[in-house]
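The primary structure of each chain is shown beneath.
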Amino acid sequence: DAGVIQSPRHEVTEMGQEVTLRCKPISGHDYLFWYRQTMMRGLELLIYFNNNVPIDDSGMPEDRFSAKMPNASFSTLKIQPSEPRDSAVYFCASTMRAEAFFGQGTRLTVV
Amino acid sequence: AQSVTQLDSQVPVFEEAPVELRCNYSSSVSVYLFWYVQYPNQGLQLLLKYLSGSTLVKGINGFEAEFNKSQTSFHLRKPSVHISDTAEYFCAVSKGTSGTYKYIFGTGTRLKVLA
């Protein structure tokens, strides 16, 4: 398996634009997590899914953030409209309970 | 609710010296515990995990950790560090109520190994 795949690796966008981050989890994993990493706040759990169903989205900072998992092999995190304070590295991870495997992350810069 | 505390934000240590990175957790239920390492511009990699059984857990790259239930701690140790161990280390807890597996990470400890 190629591991957790995130795209794009880098994204630079202008304030107000819509941004979509993508994640392909490891086949067979039933949990998927989205995290945001910044110097100030460290690793924040935004939302997680179990069997494609959102379980806890209490970490999503604002209504501008939304996440979907239409099937077991794909998830998106959307920010609309984007703001400079959304600049961070966004990680996706998948697991079958005992160990979370992380993607390489998407570095988002909103200017 | 579960939480993880890593008290040391930065730990400088000389090469070949021992190191301990501290992690304390809070949870009302039994948990799984993990240590991850992050090298610059990379994702997180698993160092070791405690699920059950022996409280002393050995991981990759010579690291080990001890689960102490009474002190709710899971400190990471290495007897002799190398320059290549310079990275950020994260402690994490999962397994909550109702069989859910919500991964919560600490704020990280930046280990800097000095020559």
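Residues numbered from 1 in each chain as written. Chains lettered and ligands numbered in written order. Predicted model: local features only at pLDDT ≥ 70, side-chain atom pairs only at ≥ 80, totals over all residues. Heavy atoms only, no water.

**Q** Explanation requested: the interface of chain A and chain B in the structure shown.
**A** Interfaces are often sized by the amount of accessible area the parts lose when they come together. Taken together, the contacts link 21 residues of chain A with 21 residues of chain B. A combined buried area of about 1,700 Å² lies between chain A and chain B, and 55% of that area is made up of carbon and sulfur atoms. Seen at the junction of chain A and chain B, the total is two salt bridges. The salt bridge partner of A:D56 is B:K102, with a shortest N-O separation of 2.6 Å. The tally of links from chain A across to chain B stands at seven residue pairs in polar contact (both at pLDDT 80 or more). Going through the elements one at a time, β4 (31-38), β5 (42-50), β9 (88-95) and β10 (100-102) of chain A are the ones with two or more residues in the side of chain A that touches chain B. Take the side of chain A that touches chain B: its biggest share by element is four residues, from β4(A). Taken together, the residues that form the side of chain A that touches chain B break down as eleven nonpolar, five polar and five charged. (Contact = heavy atoms within 4.5 Å. Buried area = accessible area lost by both parts, 1.4 Å probe. Salt bridge = Lys/Arg side-chain N within 4 Å of Asp/Glu carboxyl O. Polar contact = N/O pair within 3.5 Å; in protein donor to acceptor, adjacent residues only side chain to side chain. Helix = DSSP H or I, 4+ residues; strand = E, 2+ residues; numbered from the N terminus. Nonpolar A, V, L, I, M, F, W, Y, C, P; charged D, E, K, R; others polar.)

**Q** Sorry if this is basic, but what is going on with the pairing of strand β11 (residues 106-110) of chain A here?
**A** Taken residue by residue, a regular strand's side chains alternate between the two faces of the sheet. All names here are of chain A. Side chains T106, L108 and V110 of β11 all project onto a buried face; the interleaved residues R107 and T109 project onto a face where none is buried. Judged from the four bridges that link them, strand β2 (residues 10-13) and β11 form a sheet pairing that is parallel. Residue E11 lies in a different strand from β11, and its bridge partner there is L108. By the bridge criterion, three bridges tie β9 to β11 in an arrangement that is antiparallel. Paired with Y90 across the strands is T106, a residue of β11. (Buried < 20%, exposed > 50% of the residue type's maximum accessible area, 1.4 Å probe, protein only. Pairing = 2+ DSSP bridges.)

**Q** Can you help me understand the sheet that holds strand β7 (residues 65-71) of chain A in this one?
**A** Each strand in a sheet pairs with its neighbour through backbone hydrogen bonds, running either in the same direction (parallel) or in the opposite one (antiparallel). Residues and elements named next belong to chain A. Strand order across the open sheet formed by four strands is β1-β3-β8-β7, with antiparallel pairing between neighbours. In this open sheet, the two edge strands, each paired with only one partner strand, are β1 (5-7) and β7. If you compare each strand with its neighbour and ignore which way they point, the axes differ by 15° on average. When β7 meets strand β8 (residues 74-79), the two strands line up antiparallel, connected through five bridges. Note that in β8 the partner of F65 across the bridge is I79. (Axes fitted to C-alpha atoms, helices over the stretch in contact; angles between N-to-C directions.)

**Q** Which parts of the structure should I look at to understand unusual backbone geometry?
**A** Excluding glycine, a negative phi dihedral is what most residues carry, and trans is how most peptide bonds are arranged. For the bond from A:S7 to A:P8, the omega torsion is -10°, close enough to zero to count as cis. A:Q80 connects to A:P81 through a cis peptide bond whose omega is -5°. Structurally, A:P81 can be placed in the loop between β8 and β9. A positive phi angle, near 45°, is found at B:T72, a position not held by glycine.

**Q** Explain the state of the cysteines to me, please; I cannot follow it from the model alone.
**A** In the structure shown here, the tally under the stated rule is two disulfides over all chains. Between the sulfur of A:C23 and that of A:C92 lies a disulfide, 1.8 Å long from S to S. The sign of the -65° torsion about the S-S bond sets the A:C23-A:C92 disulfide as left-handed. Note that A:C23 is positioned in strand β3 (residues 19-24) and A:C92 in strand β9, a separation of 69 residues in sequence. At a sulfur-sulfur separation of 1.9 Å, the disulfide partner of B:C23 is B:C91. Residues B:C23 and B:C91 are joined through a disulfide that is left-handed, its torsion about the S-S bond being -65°. (Disulfide = S-S within 2.5 Å.)

**Q** Would you mind showing me how to read the environment of B:L44 here?
**A** When you line up the elements, B:L44 lands in strand β6 (residues 44-50). Classification of B:L44 as buried rests on a relative accessible area of 5%. Residues B:L44 and B:F90, 46 residues apart in the sequence, show an inter-C-alpha distance of 8.5 Å. The contact partners of B:L44, leaving out residues within four places of it in the chain, are A:L43, A:F102, B:Y36, B:V37, B:Q38, B:F90 and B:F105.

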